[in-house]
Amino acid sequence: MSSESRLKLGVNIDHVATLRQARYAPMLRSPNAEPNVLAAANEVEANGADSITVHLRLDRRHIQDCDVFELRENIRTALNLEMGNTQEILDIALKVKPDFVCIVPENRREVTTEGGLNVRNADTSLKRNIETLQDCGIKVSLFVDPEVAQVRAAAKTGAEMIELHTGAFANASPDGGKSELKKIIEAAEVGNGEGLQINAGHGITVSNLPTLLQTPYLAELNIGHHIVSRSLFIGLGQAVREMRTLMDSYPYPVS
Ligand code: PXP
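In this text the structure is predicted, and so the values were computed from the model without any measurement.

**Q** Break down the nonpolar core for me, with residues and values.
**A** Judged by nonpolar contacts, the single largest core of 70 residues is most densely connected at Ile13, Leu71, Ile103, Leu142, Leu164 and Leu221. At 6 residues, helix H8 (residues 174-193) tops the list of elements feeding residues into this core. Sequence-distant contacts of Ile13, defined by excluding residues within four places in its chain, comprise Val37, Ala41, Ile52, Thr53, Val54, Ile63 and Leu71.

**Q** Any details on the pairing of strand E4 (residues 100-103)? Residues and values, ideally.
**A** Every second residue of E4 is oriented toward a common face, with Phe100 and Cys102 on one face and Val101 and Ile103 on the other, all of them buried. The pairing of strand E3 (residues 78-83) with E4 spans 4 bridges and is classified as parallel. Looking across to E4, one finds that Asn80 is bridged to Phe100. As for the winding sense of the linkage, the β-α-β connection from E3 through helix H4 (residues 87-96) to E4 is right-handed. Here E4 runs beside strand E5 (residues 139-144); their pairing, made up of 4 bridges, is parallel. Bridging from a neighbouring strand, Val101 pairs with Val140 of E5.

**Q** Tell me what's going on with the pattern of salt bridges, and back it up with residues and numbers.
**A** All told, the structure shown has 13 salt bridges when counted by the stated rule. Ionic pairing is found between Asp65 and Arg60, a salt bridge with its closest N-O pair at 2.6 Å. Asp65 sits in the partly exposed class, given a relative accessible area of 26%. Taking relative accessible area as the criterion, Arg60 reaches 18% and is therefore assigned buried.

**Q** Lay out helix H1 (residues 14-24) with the relevant residues and their values.
**A** Looking at H1, one finds that the buried residues are Asp14, Val16, Ala17, Arg20, Gln21 and Tyr24. Seen from one end, H1 has its buried residues packed into an arc of 150°, which puts them on one side. The outward face of H1, more than 90 degrees from its buried face, is lined by the exposed residues Leu19, Ala22 and Arg23. Buried positions along H1 lie against strand E1 (8-12), helix H2 (37-46), strand E2 (51-55), helix H3 (65-74) and helix H10 (225-234).

**Q** Report on the pairing of E5, specifying residues and quantitative values.
**A** The element E5 is extensively covered by neighbouring structure, given that 5 of its 6 residues are classed as buried. One ladder, built from 4 bridges, connects E5 with strand E6 (residues 161-165); its direction is parallel. Each bridged residue has a counterpart across the sheet, and for Phe143 the counterpart in E6 is Glu163. Taken together, E5, helix H6 (residues 148-157) and E6 form a β-α-β motif whose crossover is right-handed.

So, how was this worked out
- Throughout, a residue's number is its position along its own chain's written sequence, starting from 1.
- Confidence filtering applies because this is a predicted model: local features only for residues at pLDDT of at least 70, side-chain atom pairs given and counted only at 80 or more, and all residues used for totals across whole chains, interfaces and linings.
- Hydrogen atoms and water are omitted, and side-chain values are computed over all heavy atoms in the structure.
- For the purposes of this section, nonpolar cores are sets of buried Ala, Val, Leu, Ile, Met, Phe, Trp, Tyr and Cys residues that join through side-chain atoms within 4.5 Å.
- Any residue under 20% of the maximum accessible area for its type is buried, any over 50% is exposed, and the rest in between are partly exposed; the area is computed with a 1.4 Å probe on protein chains only.
- A run of DSSP states H or I qualifies as a helix once it reaches four residues; a run of E qualifies as a strand once it reaches two. Both are numbered from the N-terminal end.
- Whether two residues touch is decided by their heavy atoms; if any such pair falls within 4.5 Å, the residues are in contact.
- Whether two strands pair depends on DSSP finding at least two bridges between them.
- A clockwise path from the first strand over the helix to the second, with the strands pointing away from the viewer, defines a right-handed crossover.
- Salt bridges are counted wherever a side-chain nitrogen of Lys or Arg sits within 4 Å of a carboxyl oxygen of Asp or Glu.
- Summarising the geometry, the arc corresponds to the directions from the helix axis toward the C-beta atoms.

Shown next as structure tokens:
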């Protein structure tokens, strides 16, 4: 299958940096500072990833500024920078020039991104910052819950893409999962009708992916925690390959 027409896989390698920071945060320049984030990116690229996703958080708990610049210079696929809607990270994004950014809500005390952006009630800075990024040649995605009102609001901002938050689906019981899947499918249909590229991510695993693939109009999935966790047991390359293989059974056309 050509990489142009397949459902794309963005691998989020934040947790490679989480492991490095757990030991080496105070001495990043040590020759022992590992695991190496760029080496991990190259490994996932070699095994079928279409893009590398990193979240530069305000608290810098995992990915550091230097990681983002190093990835920009040295990866051969696309760089997707997840970022909160803040001036500090916007300024860095404009210097790094990732291929695309995904704007996410960010709270300092959350363990991971907890919900989608509230685009409906966003202040004017969101639209302004989207335009600033686009003027710099960076495509913009908004991370939203699978709610029709949020999807329509996202389309009005001028962003090219949305990433549907699949966390509620992923963490639901099998029964709850069905109603969450319905919401994702409806959001994808509405988003496609609005002319948005539809991506999805959060909590995706090899177990829940086959069900998620019932969603039409998907262009890209962003997957992190499960791949990095699986890599402890089967290796990073194999963890990417098994996800890639499952994704290749996506039954809908991808443009
Ligand atoms: N997409 C977004 C916007 C995220 O914030 C995250 C988590 O960093 C992911 C995808 C990946 O989620 P997970 O690590 O659960 O696969």
